[in-house]
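# Close look at the chain arrangement
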Amino acid sequence: MSSFLRHPLMAVAATTGLTLPWVYVWATNGAESLPPLWTVAISGIAVLGASFLLAWGAETAEKDVPRAFAIAVLAVLAVAPEYAVDALYAWTAGANMNSPRGMEAANLAVANMTGANRILIGLGWSGIALFTLYRVGSSDDPAVESRSGFLSDVVKLDRDISTEIAFLLAATAYAFFVPFSGGIGIIDTLVLVGIYVLYIAVIVRGDVEEHEEQVGVPAYFHQYPRGGRVAVVLTLFAYSGAMIYTAVHPFAHGLETLGTELGIPAFFMIQWIAPLASESPELIVVAYLVNKARSTAGFNALISSKLNQWTLLIGTLAVVYSIAAGAVGQLPFDFKQSAEIWITAAQSFFALAVLVNFTISAREAVALLVLFVSQVAIEFLLIRELLTLPFGMGAIDVLLAYTVVYLVLGAALFVARRNELRGLLGRTAHTAQDAFGSSQSQAERAD
């Protein structure tokens, strides 16, 4: 009996069981009749279960496709809820074009997008780095290196993520110019989506690497013939994606309702609490990988998620807006959302400067975390009128001030690590050259 309970398929069955209460609630349209706390609990547990299924699917897929591509698919599915939330606001904006309701929805779309991106770095990158360093006491993670000094231990990253970092740097540089047109238009869509398509074209042509020795559920599925593995991967991706897609909206709405009952402004909830809910699958998946001493794969997933959110998510907003409006248009936003985009791009700039040498130290992780948390806390206190800043500074001034801080810190790091930056860009160029000259490379390897 004990061996039966320890069988990998029992783990799959138990994890699937976490999603079944939500399947029943969703199928019977019972979410609206449930109290918010129950909705949050049932849908949140479903998201948790689906996240594990998603991780097992990605790890199983690594045997047959380039690991970077498997992780990119994982990243897209894990942040699919964020796409759905933003698409809803963009659609509402387009359907109510040139009206106060349309402008409000457009601002909410941008606020939700920037909040999600900043959470991914401010809590995701920093939190996973600190969790990895914490876990080193109870796991044998080769990615962790102990160094002398206060908060000097580092997590070493795989240099193969040069491609992700370089493409994310290009998207970040472009994002600074988006606010100058007063909205997100089709040109932005072409540029940002084009960056992501080029990235996928590079990594999908990569070699299928010798996969890491897996344990548990992925190891069991790796024993299947190739056709069986493909079926398993597609099933896990489809089911977990459906669970996340259907559950995260009620989860986020339930959190918003709970927050409103506690006196938290709705706009603040849309920008921070709803994205936190929709980002939870990604953070759960990465924490799972780190817990298995696979911190490199975890960081790859986080960086890939940031790349697709910073390209596809922004780029598709104009498409959804235009479809709803019935004509090609530009998703508008006010100056506050311009400032939100600038601070989000600046945070990304600083975070990439941290990673350009393929390490992140405890000190750097704490810096990312403190900068993020302090800015959100100050904004919250200003909204609630619990804090008064000198010189009449308001929320927008705080955003611009933090933007400058991020840019100064990032520029200083890039200057100090300019040799590492040149090496990273050179490695990316070679990767792209190998990808698009794959036939020649394969012939050379055959020789």
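Described in the following lines is the structure provided in the data block. (Residues numbered from 1 in each chain as written. Predicted model: local features only at pLDDT ≥ 70, side-chain atom pairs only at ≥ 80, totals over all residues. Heavy atoms only, no water.)

### Description of the side chain of D188
For the record, the criterion: Runs of H or I in DSSP of at least four residues are treated as helices and runs of E of at least two as strands, each being numbered from the N terminus. Only protein chains enter the area calculation, which uses a 1.4 Å probe; residues under 20% of their type maximum are buried, those over 50% are exposed, and those in between are partly exposed. Positive residues here are Lys and Arg, negative ones are Asp and Glu, while His and the chain termini are left out of the count. Each salt bridge in this description consists of a side-chain nitrogen of Lys or Arg and a carboxyl oxygen of Asp or Glu lying within 4 Å of one another. Note on contacts: a residue pair qualifies if any of its non-hydrogen atoms lie within 4.5 Å across the two residues.
Within the secondary structure layout, D188 lies in helix α8 (residues 186–204). Look at D188: it is buried, it has no salt bridge, and the nearest opposite charge is K306 at 16 Å. Ignoring any residue separated from it by four or fewer positions in sequence, one finds D188 in contact with Y174, V178, S181, G183 and V193.

### Let's talk about the layout of surface pockets
Our working rule: Of the grid points, spaced at 1 Å and generated over the protein atoms alone, those admitting a 1.4 Å probe that cannot get out make up cavities, while open sets with protein on both sides within 12 Å along at least five of seven lines make up pockets; any residue with an atom within 4 Å of a point is treated as lining. Grid points are joined across faces, edges and corners, and a volume is the space filled by probe spheres set on the points. The residue classification treats Ala, Val, Leu, Ile, Met, Phe, Trp, Tyr, Cys and Pro as nonpolar and Asp, Glu, Lys and Arg as charged. All others, Gly included, are polar.
Here the second largest pocket is characterised by a volume of approximately 260 Å³. Lining the second largest pocket are 16 residues, with A31, E32, T39, P250 and H253 sitting closest to its centre. With five residues, helix α10 (residues 226–261) is the largest single contributor of residues to the lining of the second largest pocket. Looking at the lining of the second largest pocket residue by residue, the class counts come to eight nonpolar, seven polar and one charged.

### A few points about a nonpolar patch on the surface
Filter applied, for reference: Two distance rules govern patches: like charges are joined within 9 Å, and nonpolar side chains (Val, Leu, Ile, Met, Phe, Trp, Tyr) within 5 Å, applied only to residues with over 30% relative accessible area and no salt bridge. The protein chains shown are the only cover counted for residues, whose accessible areas, like all others here, come from Shrake-Rupley with a 1.4 Å probe.
Where nonpolar side chains cluster on the molecular surface, the patch consists of L18, I45 and L48 and spans about 220 Å² of accessible area. Within the secondary structure layout, I45 lies in helix α3 (residues 36–61).

### Considering the side chain of T344
By the secondary structure assignment, T344 is in helix α13 (residues 335–355). We classify T344 as buried; its relative accessible area is 0%. What T344 contacts, discounting residues up to four positions off in sequence, is T114, N117, R118, K306 and W310.

### Thoughts on the packing of helix α2 (residues 8–27) against α10
Here is the rule we go by: Every axis corresponds to a line fitted to the C-alpha atoms, with the helix fit spanning only the stretch in contact, and the corresponding angles, defined between N-to-C directions, vary from 0 to 180 degrees. Note that the term roughly parallel is reserved for angles under 35 degrees, roughly antiparallel for angles over 145, roughly perpendicular for angles of 65 to 115, and oblique for everything else. Whether a crossing is left-handed or right-handed is set by the direction in which the near helix is turned from the far one by less than a right angle, anticlockwise for left-handed and clockwise for right-handed.
Where α2 meets α10, the closest approach of the two axes is 11 Å, and the angle between their N-to-C directions is 55°. Considering their axes alone, α2 and α10 lie oblique with respect to each other. Read as a crossing pair, α2 and α10 show a hand that is left-handed. Only Y239, M243, T246, A247 and P250 of α10 make contact with α2, whose side of the interface consists of T16, T19, L20, W22, V23 and W26. A per-class count over the contact of α2 with α10 returns eight nonpolar, three polar and no charged.

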